[in-house]
Amino acid sequence: MDDWNFRTVIEPFRMKMVEAIPFRTAAQRLAALERAEHNLFKVPARDVTIDLLTDSGTGAMSANQWAALMLGDESYAGSRSFLKLEETVQEITGMPYVLPVHQGRAAERILATVSLNPGDRVLNNTHFDTTRAHVEHAGASAIDIPVAAAHVPSDTSPFKGDMDLAALDAALEEGPVAMVMLTLTNNAAGGQPVSMANIEAVSARCRARGVPFWLDAARYAENAWFIHSREAGFEDMSLPAIARRMFDAADGFTMSAKKDGIVNIGGLLCTRDKGQYDLFAVEGILSEGFPTYGGLAGRDLEALAVGLREALDPDYLRYRERSMAYFARGLMQVGIPVVQPAGGHAVYIDAGALCPQLRSDQFPGIAVLNALYLHGGVRGVEVGELMFPGATLQLVRLAVPRRVYTQAHIDYVIEVGERVAKQAPEMGPYRIVEAPPVLRHFSASLAPA
Ligand code: F0G
């Protein structure tokens, strides 16, 4: 498909099963939002027309994945399905020891419990919120050192997910570091990719000092695609070869398979070290079960083995990048500022720039988010003051589930965005009525102030 140069972002699949999406009147949406105390997490999905809350576990499985489900071997120990998954993961990543888990945060919990001690320091380009929570739960400190460009929404640098190498050197000089991690792609900072040059530079520094270097590989395939399409020297390298080279740099990885595994549930914890694997397996038994099923059914392991390979299909990844760029461009054209360049799995609206009349403690992200819902039944998530108190950027993430929505759905969301942009100058503040002390965004009650 190297001569593929049409303007149209054609979906590289056709449908053989469909699911109706709900339509609600403006009055019904307003009532639903009020019942939910102005927090979209508490709106039932049946009242949402286009659900862009997350790309996690919301993808559509392929015919081959559905067929694979029927091959599931539900044996408690050593199932055929596990062996197939293990072989697939070993082939893609080169990691010899493969522990399935029920989702990404289970891998994080086991890794943190086994490998971290109180007082340890862990460095990351940007910790995802569950990763940070597990590092801190182990008594360690989670330190984010993204490159400076990550903080500037209008900066169009190609690899804004990179780690700041000078900050890494300084932290390594300062004292012992228990672990260095790179999140591929950098979800909490706009879904931005990490370059191979950065992965290998971080790896070399860690190896020189004997510091364990790990990947959070939730969106490994999208990251590999960006290396292929944006980094000099990788134009002609195959996606499996790029992915393999990314993993070769690391000592182990955690993965939420609900993203680039294209399954509805699942995760992985993999390492090169047999002794470490044995400790993970014992710790995993507490929450995940026997190490060859890890909290998943045999059929889930089958679907994951297929999904991990499908995610590396260049036709699929090209479409994924192009449709995200199309979405970002469309929103910009109707007056909605978005984080540049478009990321791999989501478009991030710069709500602070869209509503300059609102201070961050007046929750501009929530104002824009709820307006998207009221105007068109579109659901996203605030990534700003409500989710991360003190956050410098006030963003709204519109995450696109894999292989679920078409270009017409995206066009519709852009049209809804156009109405929201017109209303933006008059948007008023929100306030918190009630909220728990941690992870408050999930359950807070909010109100227009
Ligand atoms: N790491 C990253 C980079 C993630 O984006 C997520 C989940 C996790 C780890 C945790 O994985 O949900 O399977 O336990 N991100 C979802 C999101 C929830 O909406 O971005 P999990």
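What you see is a predicted model; the values in this text were computed from it and never measured.

What counts as what
- Residues numbered from 1 in each chain as written.
- Predicted model: local features only at pLDDT ≥ 70, side-chain atom pairs only at ≥ 80, totals over all residues.
- Heavy atoms only, no water.
- 1 Å grid on protein atoms, 1.4 Å probe; cavity = no way out; pocket = protein on both sides within 12 Å on 5 of 7 lines; lining within 4 Å.
- Points joined across faces, edges and corners; volume = space filled by probe spheres on them.
- Nonpolar A, V, L, I, M, F, W, Y, C, P; charged D, E, K, R; others polar.
- Domains from an automatic or database assignment.
- Axes fitted to C-alpha atoms, helices over the stretch in contact; angles between N-to-C directions.
- Helix = DSSP H or I, 4+ residues; strand = E, 2+ residues; numbered from the N terminus.
- Parallel < 35°, antiparallel > 145°, perpendicular 65-115°, else oblique.
- Left-handed = near helix turned anticlockwise from the far one by under 90°.
- Contact = heavy atoms within 4.5 Å.
- Polar contact = N/O pair within 3.5 Å; in protein donor to acceptor, adjacent residues only side chain to side chain.
- Buried area = accessible area lost by both parts, 1.4 Å probe.
- Salt bridge = Lys/Arg side-chain N within 4 Å of Asp/Glu carboxyl O.
- Buried < 20%, exposed > 50% of the residue type's maximum accessible area, 1.4 Å probe, protein only.
- Pairing = 2+ DSSP bridges.
- Expected span 1.5 Å × (residues − 1).
- Phe/Tyr/Trp six-rings, centres within 6.5 Å; stacked < 30°, edge-to-face > 60°.
- Near = heavy atom within 4 Å.
- Areas by Shrake-Rupley, 256 points an atom, 1.4 Å probe, with all protein chains shown as cover.

**Examining the layout of surface pockets**
Part 1 of the argument: In this structure, the largest pocket encloses a volume near 1,300 Å³.
Part 2 of the argument: Surrounding the largest pocket, 36 residues form its lining, Met-17, Glu-19, Ala-60, Arg-403 and Val-404 being those nearest its centre.
Part 3 of the argument: For the lining of the largest pocket, the per-class residue count stands at 19 nonpolar, nine polar and eight charged.
Part 4 of the argument: Per-domain counts for the lining of the largest pocket show at least three residues from each of domain 1 (26-55 + 314-448) and domain 2 (63-310).

**Brief notes about the packing of helix H12 (residues 314-333) against helix H15 (residues 407-423)**
Part 1 of the argument: In contact at an axis separation of 9 Å, H12 and H15 are set at 25° when each is read in the N-to-C sense. What the angle tells us is that H12 and H15 run roughly parallel. Along this stretch, H12 crosses H15, giving a crossing that reads as right-handed. Where H12 abuts H15, its residues Tyr-326, Phe-327, Gly-330 and Leu-331 lie against Gln-407, Ile-410, Asp-411, Val-413, Ile-414 and Gly-417.

**What to know about the side chain of Ser-79**
Part 1 of the argument: Turning to its location among the elements, Ser-79 is positioned in the loop between helix H2 (63-69) and helix H3 (80-93).
Part 2 of the argument: Of the polar contacts made by the side chain of Ser-79, one reaches the backbone nitrogen of Phe-82; its length is 3.1 Å.
Part 3 of the argument: Leaving out residues up to four positions away in the same chain, Ser-79 has contacts with Asp-73, Thr-292 and Leu-301.

**Brief notes about the domain arrangement of the chain**
Many authors give the size of an interface as the accessible area that is lost as the parts come together.
Part 1 of the argument: Its domain assignment divides the chain into domain 1 (26-55 + 314-448) and domain 2 (63-310).
Part 2 of the argument: Taken residue by residue, the interface counts 24 residues in domain 1 and 28 residues in domain 2.
Part 3 of the argument: Of the roughly 2,200 Å² buried where domain 1 meets domain 2, counting both sides, 56% is carbon and sulfur surface.
Part 4 of the argument: Counting the contacts that link domain 1 with domain 2 gives six salt bridges.
Part 5 of the argument: A salt bridge links Arg-402 to Asp-260; the shortest N-O distance between them is 3.0 Å.
Part 6 of the argument: Remark: the boundary between domain 1 and domain 2 carries 16 residue pairs in polar contact (both at pLDDT 80 or more).

**Quick look at the environment of Phe-327**
Part 1 of the argument: Positionally, Phe-327 belongs in helix H12.
Part 2 of the argument: In this structure Phe-327 comes out as buried when scored by relative accessible area, which is 0%.
Part 3 of the argument: Sequence separation between Phe-327 and Lys-16 is 311 residues; the distance between their C-alpha atoms is 25 Å.
Part 4 of the argument: Those residues in contact with Phe-327 that lie beyond four places of it in its chain are Leu-52, Val-347, Leu-398, Val-400, Ile-410, Val-413 and Ile-414.

**A look at the pairing of strand S5 (residues 179-183)**
Part 1 of the argument: With five of five residues buried, S5 lies mostly within the body of the structure.
Part 2 of the argument: Of the two faces of S5, both are covered, the one formed by Met-179, Met-181 and Thr-183 as well as the one formed by Val-180 and Leu-182.
Part 3 of the argument: Here strand S3 (residues 121-124) runs beside S5; their pairing, made up of three bridges, is parallel. Bridging from a neighbouring strand, Leu-123 pairs with Val-180 of S5.
Part 4 of the argument: Pairing between S5 and strand S6 (residues 213-216): four bridges, direction parallel. Paired with Val-180 across the two strands is Phe-213, which belongs to S6.

**Topic: the packing of helix H8 (residues 220-230) against H12**
Part 1 of the argument: Running from N to C, H8 and H12 point in directions that differ by 80°, and their axes come no closer than 10 Å. One finds that H8 runs roughly perpendicular with respect to H12. Counted together, Ala-221, Glu-222, Trp-225, Phe-226, Ser-229 and Arg-230 of H8 and Pro-314, Tyr-316, Leu-317, Arg-318, Arg-320 and Glu-321 of H12 form the full contact between these two elements.
Part 2 of the argument: For the contact of H8 with H12, the per-class residue count stands at six nonpolar, one polar and five charged.

**Examining H12**
Part 1 of the argument: With 20 residues, H12 ought to run about 28 Å at 1.5 Å a step, and its terminal C-alpha atoms sit 28 Å apart, in line with that.
Part 2 of the argument: Of the residues making up H12, those classed as buried are Tyr-316, Leu-317, Arg-318, Tyr-319, Arg-320, Glu-321, Ser-323, Met-324, Phe-327, Ala-328, Gly-330 and Leu-331.
Part 3 of the argument: The N-cap of H12, judged by a side-chain oxygen 3.0 Å from the amide nitrogen of Asp-315 a few residues on, is Asp-313.
Part 4 of the argument: Positive backbone phi, at 95°, marks Gly-335, one or two positions downstream of H12.

**Re empty space enclosed by the protein**
Part 1 of the argument: One pass over the full model with this rule turns up three cavities of 30 Å³ or more.
Part 2 of the argument: Within this model, the largest cavity holds a volume of roughly 100 Å³.
Part 3 of the argument: As for the largest cavity, its lining consists of 13 residues, of which Tyr-319, Ser-323, Tyr-405, Thr-406 and Ile-410 are closest to the centre.
Part 4 of the argument: Of all the secondary structure elements, the ones that give two or more residues to the lining of the largest cavity are H12 and H15.
Part 5 of the argument: No other element matches the five residues that H12 contributes to the lining of the largest cavity.
Part 6 of the argument: Residues belonging to the lining of the largest cavity are distributed by class as follows: eight nonpolar, three polar and two charged.

**A short note on the packing of aromatic side chains**
Part 1 of the argument: Counting across every chain of the model gives nine aromatic pairs.
Part 2 of the argument: Judged by centre distance (5.8 Å) and plane angle (45°), the ring pair of Tyr-76 and Phe-290 falls under tilted. Pair noted here: Tyr-76 is in the loop between H2 and H3 and Phe-290 is in the loop between helix H10 (274-287) and helix H11 (298-310), with a separation of 214 residues, a long-range link.
Part 3 of the argument: What makes Tyr-76 exposed here is its relative accessible area of 54%.
Part 4 of the argument: Aromatic pair Phe-247 and Phe-253: ring centres 4.8 Å apart, planes at 55°, arrangement tilted. You'll find Phe-247 and Phe-253 in the same group, each marked buried.
Part 5 of the argument: Three or more aromatic residues link up through ring pairs in this structure, and these residues are Phe-13, Tyr-316 and Tyr-319.

**Some points on the site of the ligand**
Part 1 of the argument: In the neighbourhood of the ligand, 16 residues make up the surrounding shell, with Thr-54, Arg-105, Asp-216, Ser-256 and Lys-259 lying closest.
Part 2 of the argument: Within the contact set of the ligand, an oxygen atom lies 2.6 Å away from a side-chain nitrogen or oxygen of Arg-105.
Part 3 of the argument: Asp-216 places a polar side-chain atom, nitrogen or oxygen, 2.6 Å from a nitrogen atom of the ligand.
Part 4 of the argument: For the ligand, whose free accessible area comes to 470 Å², the fraction covered by protein is 92%.
Part 5 of the argument: With three residues, helix H4 (residues 104-115) is the largest single contributor of residues to the shell around the ligand.
Part 6 of the argument: Classifying every residue of the shell around the ligand gives one nonpolar, eight polar and seven charged.

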